[in-house]
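Residues per chain are reported as follows:
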Amino acid sequence: MADELPPFRYTPQLAAEIEHRWQDRWEADGTYEAPNPAGPLADPEGVAGRPRRYVLDMFPYPSGAGLHVGHPFGFISTDVYARYRRTKGDNVLHAMGYDSFGLPAEQFAVRTGAHPRTTTEANIATMRRQLRRIGLGHDARRSVATTDVAFYRWTQWIFTQIFESWFDPEANAARPITELVASLESGDRPTPDGRAWGELSEGERRAIIDDHRLVYSAEMPVNWCPGLGTVLANEEVTAEGRSDIGNYPVFRRNMRQWVMRITSYADRLLDDLDLLDWPEPIKVMQRNWIGRSTGARVRFAGEAGDIEVFTTRPDTLFGATFMVLAPEHPMVDALVPGAWPEGTPQRWKLASQDDVAAVAGGAAVPATPGEAVDAYRAAAAAKSDRERQEDRQKSGVFIGATATNPVNGRQVPVFIADYVLMGYGTGAIMAVPAGDERDFDFARDYGLPITAIQQPPAEWYEAHGIEPTLDTTAWPEAFVGEGDYVGSAADEADGRSAIDLNGQRTIAGAVELINAWLESQGRGEAAITYRLRDWLFSRQRYWGEPFPIVWDEHGPRSVPDADLPVELPEVDDYSPQAHDPDDADSNPVPPLGRVEDWAEVELDLGDGPRTYRRELNVMPQWAGSCWYELRYLDPTNEDRFVDPDVERYWMGPGVDRNGRETAGGVDLYVGGVEHAVLHLLYARFWHKVLFDLGHVSGPEPFHRLVNQGYIQAYAFTDARGQYVEADQVTEVDGQYFFDGQPVNREYGKMGKSLKNMVTPDEMYEAFGADTFRLYEMSGGPLEASRPWSTRDVVGMQRFLQRLWRNFVDEDTGELVVVDEPAADETRRLVARTVAGVDADLDSLQANTAIAKLIELNNHVTKSDAPVSREVAEPMVQLLAIVAPHIGEELWARLGHDSSVVWAPFPAVDEALLTDDTIELPVQVNGKVRGHITVAADADQAAMTAAALDVENVAAHLDGAEPRKVIVVPGRMVNIVL
RNA sequence: GCGGACGUGGCGGAGUUGGCAGACGCGCCAGGUUUAGGUCCUGGUACCCGAAAGGGUGUGUGGGUUCGAAUCCCACCGUCCGCACCA
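Calculation criteria
Residues numbered from 1 in each chain as written. Chains lettered and ligands numbered in written order. Predicted model: local features only at pLDDT ≥ 70, side-chain atom pairs only at ≥ 80, totals over all residues. Heavy atoms only, no water. Helix = DSSP H or I, 4+ residues; strand = E, 2+ residues; numbered from the N terminus. Buried < 20%, exposed > 50% of the residue type's maximum accessible area, 1.4 Å probe, protein only. Contact = heavy atoms within 4.5 Å. Near = heavy atom within 4 Å. Nonpolar A, V, L, I, M, F, W, Y, C, P; charged D, E, K, R; others polar. Pairing = 2+ DSSP bridges. Axes fitted to C-alpha atoms, helices over the stretch in contact; angles between N-to-C directions. Arc of directions from axis to C-beta. Salt bridge = Lys/Arg side-chain N within 4 Å of Asp/Glu carboxyl O. pLDDT = per-residue confidence, 0-100. Parallel < 35°, antiparallel > 145°, perpendicular 65-115°, else oblique. Left-handed = near helix turned anticlockwise from the far one by under 90°.

Asks: Mind showing me how you'd approach the side chain of D168 here?
Replies: Relative to the elements of secondary structure, D168 occurs in strand 3 (residues 165-168). Classification of D168 by relative accessible area gives buried; the value is 4%. Beyond its immediate stretch of four places on either side in the chain, D168 contacts A173, R175 and R189.

Asks: Got a minute to help me understand the protein's contact with RNA strand B in this structure?
Replies: Not every one of the 59 residues close to RNA strand B is listed here, only the nearest: T312, Y424, R438, D792 and R971. Sugar and phosphate atoms form 65% of the subset of RNA strand B atoms that lie within 4 Å of the protein. For the surface near RNA strand B, the leading source of residues is helix 28 (residues 846-862), giving 8 residues. Partitioning the surface near RNA strand B into residue classes produces 21 nonpolar, 18 polar and 20 charged.

Asks: Sorry if this is basic, but what is going on with the pairing of strand 9 (residues 305-311) here?
Replies: Along a regular strand, successive side chains alternate from one face of the sheet to the other. Note that strand 8 (residues 293-302) and strand 9 share 7 bridges and pair antiparallel. Residue pairing in the sheet places R299 in a bridge with E308 of strand 9.

Asks: Whenever I open this one, the sheet that holds strand 35 (residues 972-976) confuses me. Can you help?
Replies: Strand order in the open sheet formed by 4 strands is 33-32-35-34, and the pairing between neighbours is mixed. Lying at the two open borders of the sheet, with one neighbouring strand each, are strand 33 (927-935) and strand 34 (964-968). Looking at each pair of strands side by side, their axes are set apart by 20 degrees on average, direction ignored. As paired strands, strand 34 and strand 35 are joined by 5 bridges and run antiparallel to one another. Pairing of V968 across the sheet is with M972, part of strand 35.

Asks: It is not clear to me how helix 10 (residues 280-290) should be interpreted in this structure. Could you clarify?
Replies: Turn by turn, an α-helix covers 3.6 residues, leaving residues three or four places apart pointing in a common direction. Every buried residue of helix 10 is accounted for by I282, K283, Q286 and I290. In an axial view of helix 10, the angular spread of the buried residues amounts to 100 degrees, which keeps them on one side of the axis. Exposed positions of helix 10 whose direction lies more than 90 degrees from the buried face are P281 and N288. Summarising the contacts, the buried residues of helix 10 are in contact with helix 9 (266-271), helix 23 (679-692) and strand 25 (705-707).

Asks: How should the pattern of salt bridges be read in this particular structure?
Replies: It is possible for side chains of opposite charge to pair when their charged atoms get near one another. On inspection of all chains with the given rule, the structure shows 60 salt bridges. Here R21 makes a salt bridge to E889, at a shortest N to O gap of 3.0 Å. Residue R21 is found in helix 1 (residues 12-29), and its partner E889 is found in helix 30 (residues 884-893); the two are separated by 868 residues along the sequence. The exposure class assigned to E889 is buried, which follows from its relative accessible area of 5%. A salt bridge links R297 to E308, with the nearest nitrogen and oxygen atoms 3.9 Å apart. With a gap of 11 residues between them, R297 in strand 8 and E308 in strand 9 connect regions that are remote in the sequence. Residue R297 is classed as partly exposed on the basis of its relative accessible area, which comes to 30%. Connected via shared salt-bridge partners are E202, R206, D552, R557 and D607.

Asks: What am I meant to see in the sheet that holds strand 5 (residues 215-225) here?
Replies: Strand pairing in a sheet relies on backbone hydrogen bonds, with the paired strands running either antiparallel or parallel. With antiparallel pairing, the 4 strands of this open sheet are ordered in space as 6-5-7-19. Each of the sheet's edge strands pairs with one partner strand only, and the pair in question is strand 6 (230-232) and strand 19 (535-536). Of the strands in this sheet, strand 5 and strand 7 (251-260) are in contact with helix 6 (residues 149-163), which crosses strand 7 at around 95 degrees.

Asks: Before we go on, may I ask you to explain the confidence of the model for chain A in this structure?
Replies: The predicted coordinates of low-pLDDT regions are not to be read in fine detail. On average, residues of chain A score 91 in pLDDT, and 98% of them reach the 70 mark or higher. Taken over the whole predicted complex, pTM reads 0.93, whereas the ipTM for its chain interfaces reads 0.95.

Asks: Help me out: how do you make sense of the packing of helix 3 (residues 72-87) against helix 27 (residues 824-842) in this one?
Replies: If you want to describe how two helices pack, look at the angle between their axes and the distance between the axes. In contact at an axis separation of 10 Å, helix 3 and helix 27 are set at 125 degrees when each is read in the N-to-C sense. For the element pair helix 3 / helix 27, the angle class is oblique. Here helix 3 and helix 27 pass one another in a crossing that is left-handed. Between helix 3, through V80, Y81, Y84 and R85, and helix 27, the contact on the second element is made entirely by D838, L841 and D842. Residue composition of the contact of helix 3 with helix 27, grouped by class: 4 nonpolar, no polar and 3 charged.

Asks: In this structure, what is going on with unusual backbone geometry? I would like to understand it.
Replies: The bulk of non-glycine residues show a negative phi, and the bulk of peptide bonds are trans. In the segment running from L564 into P565, the intervening peptide bond is cis, with an omega of 0 degrees. Even without being a glycine, D494 presents a positive backbone phi close to 50 degrees. Note on placement: D494 falls in the loop between strand 16 (489-490) and strand 17 (499-500). Even without being glycine, L844 reaches a positive phi, approximately 60 degrees. Among the secondary structure elements, L844 is positioned in the loop between helix 27 and helix 28. The exposure class assigned to L844 is buried, which follows from its relative accessible area of 11%.

Asks: Is there a simple way to explain the packing of helix 26 (residues 794-807) against helix 30 in this structure?
Replies: Viewed as axis vectors pointing N to C, helix 26 and helix 30 meet at an angle of 5 degrees, and their least axial separation amounts to 11 Å. Accordingly, the angle class assigned to the pair helix 26 and helix 30 is roughly parallel. Along the contact surface, helix 26 presents L800, L803, W804 and F807, while helix 30 presents I886, E889, L890 and R893. Here the contact of helix 26 with helix 30 is composed, by residue class, of 6 nonpolar, no polar and 2 charged.

Structure representation (structure tokens):
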């Protein structure tokens, strides 16, 4: 068969030959190496006068499963943009590294006994080979892996920087902890209990300092995942209360863990989003995740001291008829009396309607509040988060205590209920049933008073079909809108000043008034609360960065720079630290704890050599990705994590795509939306700390972010629900069949288990890398997801074959390009194509750029004359941006010795972009009825005359006089009757 | 429930500021090359009427603004994504 083909046809075999040859050549020549302004990679001449352009991909985890065709989509997009910017003269930094710590390698190690480093490095080698085969123009010198000791040495260094810092709220920035110590020593800053610094013991001083650190170790409720044997960050736990990885149950437990004080940066992380050129949905997700709420803290006096609540609606204080604490609130035990107060309704003693039913059936009512509290806590702990979520019935129990509403002195009962979360605000709320749906539901269920505090408008009553009334027994739900205040006044009494909100019309006005009053009474103050929690930073695993921390009798101390890296020790056994996934009471066992000769270490921390115990936890997988973009800049630097001059050059303040100045950061960052609140929040946090400490030159790591879409795929299941090989499914009249049996089609991810995986290797084999690249880029915009369709790839192969044939004689292999000038029409089309492709690539629209190239090629194919050099050269240059191998090959065949990569983008003769005459549509009443051809600079009268002269237009006018003629020069003529 | 994004041929998708809807590719139809199939080449391809010229209808649905709307506004329907008792 093959020998029937012309010998020089652009076949997959020829494509492979060309591609391998050029890939070797690029590697040998260092074609994609980007010069630095300083250091080992310096080339001042290469840098001079060229704008920097940092183009970055979210680096991949080197999975052993291998790539499918969806993985390289983003990488090819950035490669095309990087190539485009090189032709425009930029110094483009484009590199690829590996986020190589992580669970899969460790789990594989546990199963097979192979060292995670061995499998990780093998996987990286495989992935490098697969990515090289696509022809991605990466600077190979800059490739790093987070598992490289030379890399995580600096991850550890950054950790110590964070450890040795505290957040100064006055500066709203991190400062070295030494400055805090100095101000405590000098007395400029008082100690927590007012004693002089010199009077404190070493242990007391250390405790104060440790309390201020940006990363600290504390006993706290954490997400314990027995199935994985480790604790997890909130961001790693799904809404169903399961682990993001592995889908194991997750339990809330109190444990001693390391935490990063990301909440200190909540405001800056929120505000600085405005500096960024990011997709609005991602910004919204980050804003929601940070979840800033403004309101007030209010203190209710109780038997065991003040109970502090946070509320966004302090203006509704007069409607607070009870309080609710989280079941695990620390004050509960102190508040619970030995016996039920007289007259406690039975309903308050029962946690739920189920209990009410049980009691009706003869079950006992809790005899004391303590009994009720214990039972409720036990029941709540037994419920999974999923059950809590699905069961929206409010449950809770009265704890037998009351507290004083500070605004009017009324005693209100105190409940515990699991709809109040310990992790948010103060873990306690004032319940305002008239103005809050949840409190309303609870109050109705427990027969608690509902006091109206705002007058709902007439429409509200109408919408509910009830007569206007302030008797809330008639209300079907809480009123949460804006309305005049009622019953919201109290006279001076019991040492309280008078307060009157009743004249207020707006929530804002009432809030301002009540906040001032609360502060004057010492019962509260305006406050801000965030949904964001501090970042749980420790994991009980092996395959992660060891903490550069040792412990002495007073607490943790950082390992000095000179003693970094703290290398992962060799272990005999990575064996499962996991437990029964449902055993909430199991305890984490860090694998490093079993390496006794490593865990004990002798160090001199400035007070002579001593023996210390190492921290045994490791960092979470996110650590390396918090700063890898900085290491690409200066990958071999052994003295610093990055040279300051190099950092400022690539990441410092710059100019964005609209010519506006930026605060700095990567010029283009492309990756999936799944990192919207994990990596992208953590990396911003670390960068801000480094910025505060003077280690980087801008406040944000990634200036412009684009979320690539996903390549999706159809999967097919048979009658038993089993997946069947997707490539063997046939379609008949919209029905799908496998092996003669009808199958069901699903649309979604591509993957081995779904039996619909298509690999890049198959594509190289059948089409070649350039065809594969073109297909990936041509299907639609970068941001859009779309289905993979192997059947469609042939379209791009035909394009390259036709184009090749326009340049190379298929029988002789001779170049058929001629030096004669091209036809005028062709030259104009070339100019339009160059200009159009320029604009398309600039806005990351490779799909339409490719369409324009195909149009030009189709035009050239149709003309009988051989292609002219003045057409061929720009055409090859544009092609080389998306299909670099065939581009280089044709460029070389056109007689060029140097790579097309560095050839400047083709110039456009502006005169060729405008035509002497243009064809315009003529509309009658907005509908196109004909066309006119007029001089490009024709005036309105001439255009009108020509339009009225069109036969079909005249027919539609039917002799009538136009009421109006609208002429848009260069666009159209519309005749209005 | 709250928040966000998006609805264009058989399919993937084009469509600067409102100004010729459907670029480009797949698929499909017809023709050519070929012993045949495939490859390759040429032409056609939103839908309806018409031999054609031409006409009518069309960008999820219904309204509105405008000389003119896929594009702007309102309501609704649908799909996808995020959050989910956050006080």
